[in-house]
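# Geometric and topological summary
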Amino acid sequence: MKQGLLLIISGPSGAGKGTIYNEVLNRMPSVKKSVSVTTRAPRPHEKEGVHYYFKTLEEYQHMIAAGEFLETASVYSNYYGTPKKHVFDLIEKGDDVMFEIDIHGARQIKKRYPRAVSIFVMTPTFEILEQRLRGRGTETEDSIARRLGSARNELSQYELFDYIVFNEDLEKSVESVIDIIKAEKCKMKTNEQRVKALLGN
Ligand code: 5GP
């Protein structure tokens, strides 16, 4: 019986986790993307079912009440959640699924599924994080200060994570995450059921 991995990538806004996530998905077709549900409005380039499933607050609350989420969190005044069914269908098939989620979501998943593999992406320093947030040109002073405050708070919860990737160089960080996934796939615990089946146990 081959079961897929649950992979979490998290980290402060501006650390580069989204870019790393997309690049890992491009290079490892065996790793599937988990499409989240959100109440925030779509950005111009975003497509329904590709980037997110966009819902009204009322629809989202219905989904919570129906127990449809693996985790749900409020991030910068919008709701975001991981729908359960799709993820478990993939895992049961033996696919690996990767989530790009905030730290509250990471904590909920780790609590329910301790075998989930959690990766935290951080810039080498807070100064670099600030430069990257400014470089986006989309954040107000207020939002930069808020995001830097959150970053410190998130980093202080580092023990929640199995791996920490300091994103100094994008290419090296992408390779590190790919190496982590490859190693996790060969772990004894990942393969225990398969070994037992071979042994006829
Ligand atoms: P954005 O609005 O820029 O797409 O995402 C904002 C934040 O929400 C990011 O930190 C992202 O990791 C987080 N996020 C996206 N999807 C989910 C989800 O399903 N659950 C949780 N907990 N956070 C999410």
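From a predicted model like this one, the values you see are computed outputs, not experimental measurements.

Of all the 5 residues making up strand β7 (residues 96-100), 4 are buried; the element is thus mostly covered by neighbouring parts of the structure. Sheet topology note: the strand β1 (residues 6-10)/β7 ladder contains 4 bridges and is parallel. Across the sheet, the residue bridging to L6 is V97, located in β7. Here strand β2 (residues 31-33) pairs with β7 via 3 bridges, running parallel.

On to the sheet that holds strand β3 (residues 36-38), then. Pairing in this open sheet of 4 strands is mixed, and the strands run β4-β3-β6-β5 from one edge to the other. The outermost strands of the open sheet, each flanked by one partner alone, are β4 (52-54) and β5 (69-75). Each adjacent strand pair in this sheet contributes to an overall mean axis angle of 25°, direction not counted. Of the pairings in the sheet, the one linking β5 to strand β6 (residues 78-83) comprises 6 bridges and is antiparallel in character. If you follow T72 over to β6, its bridge partner there is G81. The strands touched by helix α3 (residues 84-93) within the sheet are β5 and β6, with β6 carrying the most contacts at an inclination of about 30°.

Per the counting criterion, the structure on display carries 16 salt bridges. The closest approach of N and O atoms between K110 and D162, which form a salt bridge, is 2.9 Å. Placement of K110 in helix α4 (residues 103-112) and of D162 in the loop between α6 (141-155) and β9 (163-166) is noted, with a sequence separation of 52 residues between them. We classify K110 as buried; its relative accessible area is 15%. Here K196 and E192 are joined by a salt bridge, their closest N and O atoms 3.9 Å apart.

Positionally, E184 belongs in helix α7 (residues 170-186). The exposure class of E184 is buried, given its relative accessible area of 6%.

Using the criterion set out here, one finds 6 aromatic pairs in the structure. Taking the centre distance of 5.4 Å and the plane angle of 25° together, the rings of Y60 and Y79 count as stacked. Of this pair, Y60 sits in helix α2 (residues 57-65) while Y79 sits in strand β6, and the two are 19 residues apart along the sequence. By relative accessible area, which is 0% here, Y60 ends up buried. We note R147 situated over the ring of Y76; from NZ or CZ to the ring centre the distance is 4.2 Å. Positioned over the ring face of F126 is R152, at 4.1 Å from the centre of the ring.

Rules of the game
Residues numbered from 1 in each chain as written. Predicted model: local features only at pLDDT ≥ 70, side-chain atom pairs only at ≥ 80, totals over all residues. Heavy atoms only, no water. Buried < 20%, exposed > 50% of the residue type's maximum accessible area, 1.4 Å probe, protein only. Helix = DSSP H or I, 4+ residues; strand = E, 2+ residues; numbered from the N terminus. Pairing = 2+ DSSP bridges. Axes fitted to C-alpha atoms, helices over the stretch in contact; angles between N-to-C directions. Contact = heavy atoms within 4.5 Å. Salt bridge = Lys/Arg side-chain N within 4 Å of Asp/Glu carboxyl O. Phe/Tyr/Trp six-rings, centres within 6.5 Å; stacked < 30°, edge-to-face > 60°. Lys NZ or Arg CZ within 6 Å of the ring centre and 35° of its normal.

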